[in-house]
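Residues per chain are reported as follows:
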Amino acid sequence: MIYPIVIYGDPVLKKQAEPIKKGEPGLDELIRDMYETMENAHGIGLAAPQIGKPVRLFVVDASALDDENVKNFKQVFINPEILDEGDEEWKYEEGCLSIPGIKEDVFRPKVINLKYQDENFQPHTEKFDGIKARIIQHEYDHLEGVLFTEHLSAFKKSLLRGKLKDISQGKLEAKYPVKVFHKKK
Ligand code: NI
């Protein structure tokens, strides 16, 4: 099932997501739906809050990126925890399915050490770098209620304020189904 993507302005994107317990009913289906939703939107990563589920799960599929190093990077991350990050930062242009039409350079650590569980709840501790670390950090942020625009400078943020407000009110173009939050008056 393809879910609509929750758009900037919805409080679910600002929430800290909850851990997932082993044996959680419907988890396999949720993972399948997340892959389907991500593929339909041509995304390279999707976190559960982006389909309105505040749980600690994200999926990635970087095969769409024209990059030899990540073309087989297709993976499920459950209850991820960034154990440590390298000191070196690099910038890369990021976008987000929840913020259509905005792309900005974001600085992030180049290397991370990540603890997580896979779809079978097998625990892993693994070092990631480059684009893989980049995608993971972006998706991990979603589980903490953080969006990539929050990493931008105060000046950049002020330039984007109007555009973000428009997006939150549904003035946006997306080639996939979206869900815009409507404040109760
Ligand atoms: Ni995102």
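Quick summary incoming for the structure in this document. All values reported here derive from a predicted model rather than from experimental measurement.

### Details of the coordination of the nickel ion
Here the nickel ion is held by Cys96 (SG), His138 (NE2) and His142 (NE2), and the distances to it run 2.1 to 2.3 Å. For the nickel ion, the single-chain donor residues occur in sequence as C-x41-H-x3-H. Placement of the pair is His138 and His142 together in helix α2 (residues 130-143), with a separation of four residues, close to one helical turn. Classification of His142 by relative accessible area gives buried; the value is 2%.

### A short note on the pairing of strand β3 (residues 57-61)
Here β3 lies mainly inside the structure; five of its five residues are buried. Both faces of β3 are covered, namely the face carrying Leu57, Val59 and Asp61 and the face carrying Phe58 and Val60. Pairing geometry for strand β2 (residues 45-47) and β3, over three bridges, is antiparallel. Bridge pairing links Ala47 to Phe58 in β3. Note: β3 against strand β4 (residues 74-85), five bridges, orientation antiparallel. Note that in β4 the partner of Phe58 across the bridge is Phe77.

### Here's the deal with the pattern of salt bridges
Counted under the stated rule, the structure contains 10 salt bridges. The shortest N-O distance in the salt bridge between Glu94 and Arg108 comes to 2.7 Å. With Glu94 in strand β5 (residues 89-94) and Arg108 in strand β6 (residues 104-109), the pair connects residues that are 14 residues apart, well separated along the chain. With a relative accessible area of 4%, Glu94 lands in the buried category. On the basis of relative accessible area, Arg108 is assigned to the buried category, the value being 3%. As a salt-bridge pair, Arg134 and Glu94 come within 2.7 Å of each other at their nearest N and O atoms. Of the two residues, Arg134 is situated in helix α2 and Glu94 in strand β5; the sequence distance between them amounts to 40 residues. Neither residue differs from the other here; Arg134 and Glu94 are each classed as buried.

What counts and what doesn't
- Residues numbered from 1 in each chain as written.
- Predicted model: local features only at pLDDT ≥ 70, side-chain atom pairs only at ≥ 80, totals over all residues.
- Heavy atoms only, no water.
- Donors = N, O, S within 2.8 Å, 3.2 Å for Na, K, Ca; no water.
- Helix = DSSP H or I, 4+ residues; strand = E, 2+ residues; numbered from the N terminus.
- Buried < 20%, exposed > 50% of the residue type's maximum accessible area, 1.4 Å probe, protein only.
- Pairing = 2+ DSSP bridges.
- Salt bridge = Lys/Arg side-chain N within 4 Å of Asp/Glu carboxyl O.

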